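The residues making up each chain are set out below.
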Amino acid sequence: MREHLEQAAGFVTVGSTAALEAIAMGVPSLVLSDFGVSAEMINLVFEGSGLLGTLDDLAQGRFRTASPAWCAASYFHPAERDDWARRLAELVASGPRPPAVSLLDGPAHAAARRRARLRVEVPPTMLRAGHRAKRRVRRSLEALT
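No experiment lies behind these values; they were computed from the predicted model shown.

1. Brief notes about the overall build of the protein chain
And then number 1: A tally of regular secondary structure across the protein chain gives seven helices and three strands.
And then number 2: Beginning at the N terminus, the succession of helices and strands in the protein chain can be written as α-β-α-β-β-α-α-α-α-α.
And then number 3: At 26 Å, the protein chain has a C-alpha radius of gyration far larger than the 15 Å of a compact globule built from 145 residues.
And then number 4: C-alpha atoms of the protein chain, sized along the principal axes, occupy 80 × 50 × 25 Å.
And then number 5: Taking all 145 residues of the protein chain together, 16% fall into the buried category.
And then number 6: Counting only contacts in the protein chain whose residues sit at least 6 apart along the sequence, the fraction spanning at least 24 positions is 29%.
And then number 7: Carbon together with sulfur atoms contributes 59% to the accessible area of the protein chain, which is approximately 11,000 Å² in total.
And then number 8: Counting 19 positive and 15 negative side-chain charges, the protein chain places the averaged centre of each group 20 Å from the other.

Now the structure itself:
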């Protein structure tokens, strides 16, 4: 993709992650909105980018560059701020670190751990049914007293 984008005068798509590569390389782009803007079209992320356009824009050759605010919000940044490799090397060089500690450690949080485990292991419909049954039983017991 990079090879082709280096020579491209513009990039057009209906909804593609390849547009992100074009934006990163500074290639003027156009994301067609004629067919809808939605998660299914994989173009929802481009709302507010200034890149959405129509087939008429394509016919007129009206390609765009993404808005700086959208780029910043979408984690695009200048190459000189690309310091992740250096930071990772520093982290590795700093040696072993203590293992992460759960915020729910200790006996005081046993109930929260059980609830969290239930949310993962039991389907939501079963949890709702169990909660409704518990409420019914509680109301029945209250009515008896």
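2. Examining the nonpolar core
And then number 1: Within the largest apolar cluster, 13 residues are counted, with the highest numbers of intra-cluster contacts made by Phe11, Ile23, Phe46, Leu51, Ala66 and Trp70.
And then number 2: It is helix 2 (residues 18-24) that contributes the most residues to this core, four residues altogether.
And then number 3: With near-sequence residues (within four places) excluded, Trp70 lies in contact with Leu20, Ile23, Val45, Phe46, Glu47, Gly48, Ser49 and Phe76.

3. Focus: the side chain of Thr13
And then number 1: Position of Thr13 among the secondary structure elements: in strand 1 (residues 11-13).
And then number 2: Relative accessible area serves as the criterion here: at 10%, Thr13 is assigned to the buried category.
And then number 3: Residue contacts for Thr13: discarding those within four places in its chain leaves Ala19, Leu30, Val31 and Leu32.

4. So, the environment of Glu40
And then number 1: Note that Glu40 resides in the loop between strand 2 (29-32) and strand 3 (52-53).
And then number 2: Between the alpha carbons of Glu40 and Gly15 there is a distance of 9.0 Å; along the sequence they are 25 residues apart.
And then number 3: Polar contacts involving the side chain of Glu40 include one to the side chain of Ser38, which spans 3.3 Å.

5. Quick notes on the environment of Leu52
And then number 1: Turning to its location among the elements, Leu52 is positioned in strand 3.
And then number 2: On the basis of relative accessible area, Leu52 is assigned to the partly exposed category, the value being 26%.
And then number 3: Residues Leu52 and Pro124, 72 residues apart in the sequence, show an inter-C-alpha distance of 38 Å.

6. Notes on the sheet that holds strand 1
And then number 1: As summarised here, the arrangement of the three strands in space is 1-2-3, forming an open sheet in which the pairing is parallel. Only two strands of the sheet have a single partner each, and these edge strands are strand 1 and strand 3.

7. Quick word on unusual backbone geometry
And then number 1: Of note, Ile42 is a non-glycine position whose phi angle comes to about 55°, a positive value.
And then number 2: Even without being glycine, Tyr75 reaches a positive phi, approximately 70°.

Each value, and the rule that gives it
- Residues numbered from 1 in each chain as written.
- Predicted model: local features only at pLDDT ≥ 70, side-chain atom pairs only at ≥ 80, totals over all residues.
- Heavy atoms only, no water.
- Helix = DSSP H or I, 4+ residues; strand = E, 2+ residues; numbered from the N terminus.
- Rg over C-alpha atoms; globule rule 2.2 N^0.38 Å.
- Buried < 20%, exposed > 50% of the residue type's maximum accessible area, 1.4 Å probe, protein only.
- Contact = heavy atoms within 4.5 Å.
- Areas by Shrake-Rupley, 256 points an atom, 1.4 Å probe, with all protein chains shown as cover.
- Lys, Arg positive; Asp, Glu negative; His and termini not counted.
- Charge placed at Lys NZ, Arg CZ, Asp CG, Glu CD.
- Core = buried A, V, L, I, M, F, W, Y, C linked by side-chain atoms within 4.5 Å.
- Polar contact = N/O pair within 3.5 Å; in protein donor to acceptor, adjacent residues only side chain to side chain.
- Pairing = 2+ DSSP bridges.

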